[in-house]
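Okay, here's what each chain looks like letter by letter:
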Amino acid sequence: MYILQVENSLRNGMDKALNMYENETFYKKEMDWLQEHLKCCGQNNATDWEHTSYFMNHNHTVPPSCCQKGVTMENSTHCDQHIPVNVTSWQIYTGGCFKSLKDKIMHYLAIIAAVLVSFAVIQVRVYSFVHFSLPV
């Protein structure tokens, strides 16, 4: 149940970031960070940008943060400028950010859960040792 709430919150946040990308610096920075660090583009894929004001106002392109680093297009401009969504997949990140972010969150939640269980086991052992093995 909570996982569905987290997923819905992530999706709603990403939808808002895509739609507000061009008008709000906060959302632009956050979406650029996600796309660059998770190596993704859009929520589900790069075509998510097609329905945004950014896409319409920037010659039908995705943001530079969708570009794979070091890629050069045929006309010798760097992908770090702007590129159309319909370019070949080696020029832009093809996977969506939602799955990448969800996978990262789940990975770290599993680590946190394992650490918490370890601490609980240690506490039980210490408690048992202190209360049951020392003479009173």
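Residues numbered from 1 in each chain as written. Predicted model: local features only at pLDDT ≥ 70, side-chain atom pairs only at ≥ 80, totals over all residues. Heavy atoms only, no water.

**Brief notes about helix H2 (residues 25-38)**
Here's step 1: The terminal C-alpha atoms of H2, which comprises 14 residues, lie 20 Å apart, in line with the 20 Å expected from a rise of 1.5 Å per residue.
Here's step 2: Residues of H2 that are buried: Tyr27, Met31, Asp32, Leu34, Gln35 and Leu38. The buried residues of H2 all sit within an arc of 165 degrees when viewed along its axis, so they share a single face. Counted as exposed and oriented over 90 degrees from the buried face of H2: Thr25, Phe26 and Lys29.
Here's step 3: Lys39 sits one or two positions beyond H2 and adopts a positive phi of about 55 degrees. (Helix = DSSP H or I, 4+ residues; strand = E, 2+ residues; numbered from the N terminus. Expected span 1.5 Å × (residues − 1). Buried < 20%, exposed > 50% of the residue type's maximum accessible area, 1.4 Å probe, protein only. Arc of directions from axis to C-beta.)

**A closer look at the pattern of salt bridges**
A side chain of one charge can pair with a side chain of the opposite charge if their charged atoms are brought near each other.
Here's step 1: The tally for this structure, following the rule as stated, stands at 3 salt bridges.
Here's step 2: We note a salt bridge from Glu7 to Lys102, for which the minimum N-O separation is 2.8 Å. In this pair, Glu7 is assigned in helix H1 (residues 2-20) and Lys102 in helix H4 (residues 97-132), connecting sequence segments 95 residues apart.
Here's step 3: The exposure class assigned to Glu7 is buried, which follows from its relative accessible area of 18%. (Salt bridge = Lys/Arg side-chain N within 4 Å of Asp/Glu carboxyl O.)

**Some words on the packing of aromatic side chains**
Here's step 1: For the coordinates displayed, the defined rule picks out 4 aromatic pairs.
Here's step 2: Ring geometry for Tyr21 and Trp49: centres 4.9 Å apart, planes at 80 degrees, overall edge-to-face. Here the residue Tyr21 occupies a position in the loop between H1 and H2, and Trp49 occupies one in the loop between H2 and helix H3 (53-57), the gap between them amounting to 28 residues. Taken individually, Tyr21 and Trp49 each receive the classification buried, so the pair is uniform in this respect.
Here's step 3: Taken together, the ring pairs in this structure connect Tyr21, Trp49 and Tyr54 into an aromatic cluster.
Here's step 4: One Lys or Arg, Arg11, reaches over the ring of Phe98 and ends 3.7 Å from the middle of that ring. (Phe/Tyr/Trp six-rings, centres within 6.5 Å; stacked < 30°, edge-to-face > 60°. Lys NZ or Arg CZ within 6 Å of the ring centre and 35° of its normal.)

**Describing the environment of Asn57**
Here's step 1: Looking at where Asn57 falls in the secondary structure, it is placed in helix H3.
Here's step 2: With relative accessibility at 53%, the residue Asn57 sits in the exposed group.
Here's step 3: A sequence separation of 35 residues divides Asn57 from Glu22, and the C-alpha atoms of the two residues are 9.0 Å apart.
Here's step 4: A distance of 2.9 Å separates polar atoms of two side chains, one belonging to Asn57 and the other to Glu22. (Polar contact = N/O pair within 3.5 Å; in protein donor to acceptor, adjacent residues only side chain to side chain.)

**Focus: the nonpolar core**
Here's step 1: Ranked by internal contacts, the top residues of the largest apolar core, which has 22 residues, are Met14, Met31, Cys41, Trp49, Val62 and Leu101.
Here's step 2: Only H1, H2, H3 and H4 provide two or more residues apiece to this core.
Here's step 3: Trp49 has contacts with Leu18, Tyr21, Met31, Gln35, Cys41, Gly42, Tyr54, Phe55, Val62, Pro63 and Cys66, leaving out every residue within four places of it along the chain. (Core = buried A, V, L, I, M, F, W, Y, C linked by side-chain atoms within 4.5 Å. Contact = heavy atoms within 4.5 Å.)

**Quick notes on the state of the cysteines**
Here's step 1: For the structure shown, the criterion picks out 2 disulfides.
Here's step 2: Each disulfide pairs two cysteine sulfurs, and for Cys40 the partner residue is Cys97, the sulfurs being separated by 2.0 Å. Note on the Cys40 and Cys97 pair: the S-S dihedral is about 95 degrees, so by sign convention the disulfide is right-handed. Residue Cys40 is found in the loop between H2 and H3, and its partner Cys97 is found in helix H4; the two are separated by 57 residues along the sequence. We note that Cys40, like Cys97, is buried. (Disulfide = S-S within 2.5 Å.)

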